[in-house]
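Residues per chain are reported as follows:
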Amino acid sequence: MKRLLELLSNYNPQTSSKKLCGVIFVKLRNECHILSQWLNEVAKFDEKKFGFLKVGYAVGVASAPDRVTSLVKQNMKKQEKVLSQFRGAELNLVIATSVLEEGIDVPHCNLVCRYNPATTYRDYVQSKGRARDPEADYVLFCEEGDKNTKERINYFREVDERLKAMCKDRGLYRAKEDECYNEPTSEVLISKSGARITLNMSIDVVHNFCAKLPSDSFGQLRPVDEYDIGADMLSNKLFQYTVQMPINSGVGKVVGPWNSKRMTAKKLAYLEVCRELYEKGRINDNFVPPKLEKLLKSYYEQLGLPIGYGDEKVEVVVVDEKNVKLIPGTRRRRQKYIKEIH
């Protein structure tokens, strides 16, 4: 703990020009909560030296893929809130398990610590890769006299140097035409900002979009695909995929083009889904869903309703041609709900 505080004190804005943006990796979930709470207490106790610390924690969520309990969803919301605060600089230090080592977008950190030493080269590389700032510090803590850990870390460093030496003068490998399995690599979706969705990315983009759709705790929204088999004029087998999107996605059933490769036909169909999502504004120029507030605003505009309709603070009075108030739920006034059916 003392070494950790000494390290963090180097980022005090009163004595250093470095602005802290760091991640501390630990092994257990309860360590995240305890270390985060302890650092926040230290910041309150010694405001002059550690008052700049704004600490949060993020842990992984272990759950069966087909079981999403309310507790799991609650933890996921807390984690997303912490990561959002970290990206927005409301927090400058996050205590995390391996959930932040890969797969989640975080800012360019200038401090990455491993409170528990990496046991595999993969863990070493993944955590080190979070230190993206050119002047970032990557710190590994281990017990004094732990020769095994030191030898393992030195071995990881040697592997790093060997890989750098191997790749230094190595050009990019370009597959031959017959190695590409006849996939139409030219098929790509480009947004106004220059972001791209290639054929190989299309399935992941659609699944990530569906994972962020509003849903209850009794099921998961996901696309459902099926394929048909046909033949061309030379009796060669062809495949065509149809993708059915969730009801609240804004996109209904999408049919992809025919292709001689089943997996390529699937990717092409999902790329068409991405195209429709982008054209309908369901994903922005970075190919991620817009914020909920913007999405609700577009719903209100499409239905011709005032923003905030349905909230207790907003009262909407509808009258007929005789200036008689119409009550929602009666035949004379049909209630409009913000839900699209395709």
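Just so it is clear, the model here is predicted, and its values are computed rather than measured. (Residues numbered from 1 in each chain as written. Predicted model: local features only at pLDDT ≥ 70, side-chain atom pairs only at ≥ 80, totals over all residues. Heavy atoms only, no water.)

## Observations concerning the pairing of strand 1 (residues 22–25)
Here strand 1 shows no split at all, with Gly22 and Ile24 on one side and Val23 and Phe25 on the other all buried. For strand 1 and strand 4 (residues 111–114), the ladder comprises four bridges, and the chain directions are parallel. The partner of Ile24 across the bridge, within strand 4, is Cys113. (Buried < 20%, exposed > 50% of the residue type's maximum accessible area, 1.4 Å probe, protein only. Helix = DSSP H or I, 4+ residues; strand = E, 2+ residues; numbered from the N terminus. Pairing = 2+ DSSP bridges.)

## Brief notes about the packing of helix 5 (residues 121–128) against helix 6 (residues 147–167)
What describes two packed helices is the angle between their axes and the distance between those same axes. Between helix 5 and helix 6, whose axes approach to 10 Å, the crossing angle comes to 70°. Taken together, helix 5 and helix 6 sit at an angle that is classed as roughly perpendicular. Packed against helix 5, whose contacting residues are Tyr121, Tyr124 and Lys128, the element helix 6 presents Phe156, Arg157, Val159, Asp160 and Leu163 at the interface. Residue composition of the contact of helix 5 with helix 6, by class: five nonpolar, no polar and three charged. (Axes fitted to C-alpha atoms, helices over the stretch in contact; angles between N-to-C directions. Parallel < 35°, antiparallel > 145°, perpendicular 65-115°, else oblique. Contact = heavy atoms within 4.5 Å. Nonpolar A, V, L, I, M, F, W, Y, C, P; charged D, E, K, R; others polar.)

## Some remarks on helix 6
The end-to-end C-alpha distance of helix 6 is 30 Å, a good match for the 30 Å that 21 residues give at a rise of 1.5 Å each. The set of residues buried in helix 6 consists of Thr149, Ile153, Phe156, Val159 and Asp160. Along helix 6, the residues classed as buried sweep out an arc of 110° about the axis, all on the same side. In helix 6, the exposed positions that point more than 90 degrees away from the buried face belong to Lys147, Asn148, Glu151, Glu161, Arg162, Ala165 and Met166. The secondary structure elements touched by the buried residues of helix 6 are helix 5 and strand 5 (137–140). (Expected span 1.5 Å × (residues − 1). Arc of directions from axis to C-beta.)

## Thoughts on the sheet that holds strand 9 (residues 237–244)
If you trace the three strands from one edge of the open sheet to the other, you get 8-9-10, paired in antiparallel fashion. The outermost strands of the open sheet, each flanked by one partner alone, are strand 8 (224–231) and strand 10 (253–255). Strand-to-strand twist of the sheet, defined as the mean angle between neighbouring strand axes without regard to direction, takes the value 20°. Pairing between strand 8 and strand 9: eight bridges, direction antiparallel. Looking at the pairing, Ile229 lines up with Phe239 of strand 9. Against the sheet, helix 8 (residues 262–279) engages strand 8, strand 9 and strand 10, with an angle of about 35° to strand 9.

## With respect to unusual backbone geometry
A positive phi is found at Ala89, a non-glycine position, where the angle reads about 65°. Mapped onto the secondary structure, Ala89 falls in the loop between helix 4 (70–87) and strand 3 (93–96).

## As for the sheet that holds strand 5
Read across the open sheet, the five strands follow the order 2-3-1-4-5; overall the sheet is parallel. A single partner strand is all that each edge strand has here, and the edge strands are strand 2 (55–58) and strand 5. With strand direction ignored, the average angle separating the axes of adjacent strands in the sheet is 15°. Across four bridges, the pairing between strand 2 and strand 3 is parallel. The partner of Tyr57 across the bridge, within strand 3, is Ile95. In the packing of helix 2 (residues 29–45) onto the sheet, contacts are made with strand 1, strand 2 and strand 3, and the angle to strand 2 comes to roughly 175°.

## Some remarks on the side chain of Ser9
Looking at where Ser9 falls in the secondary structure, it is placed in helix 1 (residues 2–9). By relative accessible area, which is 18% here, Ser9 ends up buried. There is a polar contact of 2.6 Å between the side chain of Ser9 and the backbone oxygen of Glu6. In this structure Ser9 touches Thr15, Lys49 and Phe50, once residues within four positions along its chain are discounted. (Polar contact = N/O pair within 3.5 Å; in protein donor to acceptor, adjacent residues only side chain to side chain.)

## Focus: the packing of aromatic side chains
Tallied over the full model, the rule gives nine aromatic pairs. Each ring, one from Tyr124 and one from Tyr138, has its centre 5.8 Å from the other, and the planes form 70°; the classification is edge-to-face. In this pair, Tyr124 is assigned in helix 5 and Tyr138 in strand 5, connecting sequence segments 14 residues apart. Three or more aromatic residues joined by ring pairs make a cluster, and in this case those are Tyr121, Tyr124, Tyr138, Tyr155 and Phe156. (Phe/Tyr/Trp six-rings, centres within 6.5 Å; stacked < 30°, edge-to-face > 60°.)

## Quick look at helix 7 (residues 202–211)
Turning to helix 7, its buried residues number three or more, namely Ser202, Ile203, Val205, Val206, Phe209 and Cys210. Buried residues of helix 7 fall within an arc of 165° about the axis and therefore sit on the same side. Lining the buried residues of helix 7 we find strand 7 (196–198) and helix 8.

## Thoughts on the nonpolar core
Ranked by size, the top nonpolar core spans 26 residues in total, and within it Leu189, Ile197, Val206, Phe209, Met245, Val273 and Leu277 carry the most contacts. Contributing elements (two or more residues each) for this core: helix 7, strand 9 and helix 8. Looking at which element gives the most residues to this core, the answer is helix 8, with nine residues. Excluding anything up to four places from it in sequence, Ile197 contacts Val188, Leu189, Ser202, Val205, Leu271, Cys274 and Phe287. Judged by nonpolar contacts, the second largest core, of 23 residues, contains Leu39, Phe50, Ile95 and Phe141. (Core = buried A, V, L, I, M, F, W, Y, C linked by side-chain atoms within 4.5 Å.)

## Re the environment of Asn30
Structurally, Asn30 can be placed in helix 2. Judged by relative accessible area, Asn30 falls into the partly exposed class, the value being 45%. Spatially, the C-alpha atoms of Asn30 and Thr97 are 9.8 Å apart, while their sequence positions differ by 67 residues.

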